[in-house]
Amino acid sequence: MASLAASSISFQPPHALATSRVSGLKLVSFMNQGRNSLSFGLRPMPARVRISCAAKPETVDKVCEIVRKQLAVPSDKPVTGESKFAELGADSLDTVEIVMGLEEEFGITVEEDNAQSIATVLDAAELIDKLCSGKSA
Amino acid sequence: MEKGVQRWLVDISKWNPSSNDFSFALSLLPQTHHPSITRFVKMEDRKRALVSLLLQYALVHEVLGIPYSDTVINRTLEGKPFLECGRFSFDIPNFNFNVSHHGDYVAIASEPLCLVGLDIVNFTIPEKETVQEYIQNFSSCFSSLEWDRIITAGSNEDVLTEFYRYWCLKEAYVKAIGSGLGYGLQKVEFHHINWTNISVKVDGVTNPRWRFWLFDLGKGHSVSIARGYPRSAVESYKRSLKRTEFDEEEYNVGLNLPNPRFVFKTVEELISVVHKALCSC
């Protein structure tokens, strides 16, 4: 288990979206700004330090597929682990549906506060892998 | 005080800018906002984001007369935009606004005293699943009374309409208070008489300090407005408000202001207003 090495979190102005990887730690400060339609559903927790373990590539791929279909992303636009749901055009209804779709696909239940911390495809994939490994343990 | 109550609406299906037109419109907005527009993958989303900001700057300029260079629009952690630099005035003690976009429409609503929340829904018919399967995804967001109303509404079209209307109202409320969270929506229960006289019960208790309206915009879109109590705002949004304390009498004046119809604006008009404001600095 990685330990929290960084002790200071820097706050950036709301419009600047910054994520930095610091030796396995992912510091995400201010997320999801720029969405003009404030909505409930998938909403990231602000300034949350999380321990990032790499998600399985096949999980990431599957999430990309589900998201691409739900949001009808044109085939010429990439959807990757780094893709943010909001930037792909997800509105409040989409985000709830995506979570439901992931629950169905992977046979998991996503708690509300976990759902709120998912901003990218990778976030979702990591959560899924965590829930799936928790189940089989 | 009535001047602070605004409802503006733009039909963006009528705006098809060339890439130069788009760049020009973008250039009218402060540089700090540009990433929040260009980060969207789809052009339609970029258009909505751009028009939303144009609405915000145009409205602030027209209603409050603040010079463009003094206008600072920021966002709370949850993403709700607010005016950072508003000045105190007796007749507009707590200017605040909210924006929404969905489908063909982008809209803004402002209030001089009460909180305002606004939401547009575009009634889309689910393609890959039945109506029942689709709405089932959201069942935990509704109280049992509301859910019952939805599923017994009648035809598939009726069920979907009922669903979207309740959803729209919930969004307006959540957005008014500035909450970005899931929030236990099933506790916020809406009551109405044929979608008028709309009121809300939270945890079973009617809250008399809120008003709601729901209108059809045509083209399968509806818009909802929530007007309510500044002290109900979430902490981060409350900090952005000029005033949250009002005595009963003052508050009732704000609560009972007229709720005007939406005024249509074209993108060209907004561009012109913002451009003029920019140039007169």
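Starting from 1, residues in each chain are numbered consecutively following that chain's sequence as written. Going through the entries in the order they are written, you letter the chains from A and number the ligands from 1. At least 70 in pLDDT is required for a residue's local features to be given in this predicted model, at least 80 for side-chain atom pairs to be given and counted, and no such filter applies to totals for whole chains, interfaces and linings, which use all residues. Side-chain measures here rest on the full set of heavy atoms in the structure, leaving out hydrogens and waters.

### Looking at the overall build of chain A
Here is step 1 of the chain: If you tally the helices and strands in chain A, you get 4 helices and 3 strands.
Here is step 2 of the chain: Its helices and strands in sequence order give chain A the pattern β-β-β-α-α-α-α, from N to C terminus.
Here is step 3 of the chain: In chain A, buried positions account for 51% of the 137 residues.
Here is step 4 of the chain: Partitioning the intrachain contacts of chain A with sequence separation of at least 6 by distance along the chain shows that 56% fall at a separation of at least 24.
Here is step 5 of the chain: Here chain A has roughly 6,600 Å² of accessible surface; of this, 54% comes from carbon and sulfur atoms. Put simply, DSSP marks the helices as runs of H or I at least four residues long and the strands as runs of E at least two long, and each gets a number from the N terminus on. When accessible area is computed with a 1.4 Å probe and restricted to protein chains, residues below 20% of their type maximum are described as buried, those above 50% as exposed, and intermediate ones as partly exposed. Residues count as neighbours in contact if any of their non-hydrogen atoms are within 4.5 Å of one another. Per-residue and other accessible areas follow the Shrake-Rupley method at a 1.4 Å probe size, with only the shown protein chains counted as cover for residues.

### Here we look at the confidence of the model for chain B
Here is step 1 of the chain: With 97% of its residues at a pLDDT of 70 or more, chain B shows a mean pLDDT of 92.
Here is step 2 of the chain: Listed scores for the predicted complex are pTM 0.81 and ipTM 0.74. pLDDT is defined as a per-residue confidence score from the predictor, taking values between 0 and 100.

### With respect to the sheet that holds strand E5 (residues 105-111) of chain B
Residues and elements named next belong to chain B.
Here is step 1 of the chain: Strand order across the open sheet formed by 4 strands is E4-E5-E1-E12, with mixed pairing between neighbours. In this open sheet, the two strands that pair with only one neighbour each are strand E4 (96-102) and strand E12 (263-265). Taking the axes of each pair of neighbouring strands and ignoring which way they run, one obtains an average angle of 20° across the sheet. Two strands pair if DSSP finds at least two bridges between them. To get an axis, a line is fitted to the C-alpha atoms, and for a helix only the part in contact is used. The angle between two axes follows their N-to-C directions and goes from 0 to 180 degrees.

### Considering unusual backbone geometry
Residue and element names in this part refer to chain B.
Here is step 1 of the chain: One non-glycine residue, Asn194, lies in the positive phi region at around 55°.
Here is step 2 of the chain: Tracing the sequence through the fold places Asn194 in the loop between strand E7 (188-193) and strand E8 (196-202).
Here is step 3 of the chain: You can call Asn194 exposed: its relative accessible area is 68%.
Here is step 4 of the chain: Unlike most non-glycine residues, Trp195 shows phi in positive territory, near 65°.

### Description of the UniProt feature "domain: Carrier" (unreviewed entry) in chain A
Here is step 1 of the chain: Annotation from UniProt places "domain: Carrier" (unreviewed entry) at residues 57-132 of chain A.
Here is step 2 of the chain: Between the end C-alpha atoms of residues 57-132 of chain A there is a gap of 14 Å, over a span that is 59% helix and 0% strand. UniProt positions are given in the numbering used here, feature names are shortened, and annotations may be inferred rather than shown by experiment.

### So, the packing of aromatic side chains
Residues and elements named next belong to chain B.
Here is step 1 of the chain: When two rings of Phe, Tyr or Trp (its six-membered ring) have centres within 6.5 Å they constitute a pair, described as stacked for plane angles under 30 degrees, edge-to-face for angles over 60, and tilted for the intermediate range. Throughout the structure, instances matching the rule amount to 21 aromatic pairs over all chains.
Here is step 2 of the chain: Ring plane angle 35° and centroid distance 5.7 Å describe the contact between Tyr57 and Tyr68, whose orientation is recorded as tilted. Residue Tyr57 is found in helix H3 (residues 43-64), and its partner Tyr68 is found in the loop between H3 and strand E2 (73-75); the two are separated by 11 residues along the sequence. Like Tyr68, Tyr57 is buried.
Here is step 3 of the chain: Taken together, Phe123, Tyr134, Phe138, Phe142, Trp147, Phe163, Tyr164 and Trp167 form an aromatic cluster joined through their ring pairs.
Here is step 4 of the chain: When the ring centre of Tyr237 is taken as reference, the NZ or CZ atom of Lys80 above it lies at 3.9 Å.
Here is step 5 of the chain: When the ring centre of Trp8 is taken as reference, the NZ or CZ atom of Lys265 above it lies at 4.3 Å. Note on geometry: a ring has a charge over it if NZ (lysine) or CZ (arginine) is within 6 Å of the ring centre and within 35 degrees of the ring normal.

### Here we look at the layout of surface pockets
Here is step 1 of the chain: Cavities and pockets were defined on a 1 Å grid built from protein atoms only: a cavity is a group of points that admits a 1.4 Å probe but offers it no way out, a pocket is an open group of points flanked by protein on both sides within 12 Å along at least five of seven lines, and a lining residue is one with an atom within 4 Å of any such point. Grid points are joined across faces, edges and corners, and a volume is the space filled by probe spheres set on the points. Within this model, the largest pocket holds a volume of roughly 1,200 Å³.
Here is step 2 of the chain: Only helix H1 (57-70) and helix H2 (92-106) of chain A together with H3 and E4 of chain B provide two or more residues apiece to the lining of the largest pocket.
Here is step 3 of the chain: In terms of residue count, the dominant contributor to the lining of the largest pocket is H2 of chain A (8 residues).
Here is step 4 of the chain: Residues are grouped as follows: Ala, Val, Leu, Ile, Met, Phe, Trp, Tyr, Cys and Pro are nonpolar; Asp, Glu, Lys and Arg are charged; all remaining types, including Gly, are polar. Residues that form the lining of the largest pocket fall into these classes: 13 nonpolar, 11 polar and 16 charged.

### Examining the pairing of strand E6 (residues 115-122) of chain B
Residue and element names in this part refer to chain B.
Here is step 1 of the chain: Of all 8 residues in E6, 8 are buried, a share of seventy percent or more.
Here is step 2 of the chain: Burial of the side chains of E6 extends over both faces: Leu115, Gly117, Asp119 and Val121 are buried on one face and Val116, Leu118, Ile120 and Asn122 on the other.
Here is step 3 of the chain: Here E6 runs beside strand E11 (residues 221-228); their pairing, made up of 8 bridges, is antiparallel. Within E11, the residue paired with Leu118 across the bridge is Ile225.

### Focus on the nonpolar core
Residue and element names in this part refer to chain B.
Here is step 1 of the chain: Among the nonpolar cores identified, the biggest contains 45 residues, and Ile135, Phe142, Phe163, Trp167, Phe190, Trp210 and Phe212 are the most heavily contacted of them.
Here is step 2 of the chain: The element that contributes the greatest number of residues to this core is helix H6 (residues 156-177), accounting for 13 residues.
Here is step 3 of the chain: For our purposes a nonpolar core is just a set of buried Ala, Val, Leu, Ile, Met, Phe, Trp, Tyr and Cys residues, chained together by side-chain atoms within 4.5 Å. If you look at the next biggest cluster of nonpolar residues, it comprises 38 residues, including Val10, Leu59, Leu83 and Ile108.

### Details of the side chain of Ser110 of chain B
Residue and element names in this part refer to chain B.
Here is step 1 of the chain: As for its placement among the helices and strands, Ser110 is situated in strand E5.
Here is step 2 of the chain: A residue is classified by how much of its surface remains accessible, and Ser110, at 0% relative accessible area, is buried.
Here is step 3 of the chain: Apart from residues no more than four positions distant in its own chain, Ser110 is found in contact with Gly4, Val5, Gln6, Arg7, Leu59, Phe95, Asn96, Phe97 and Val116.

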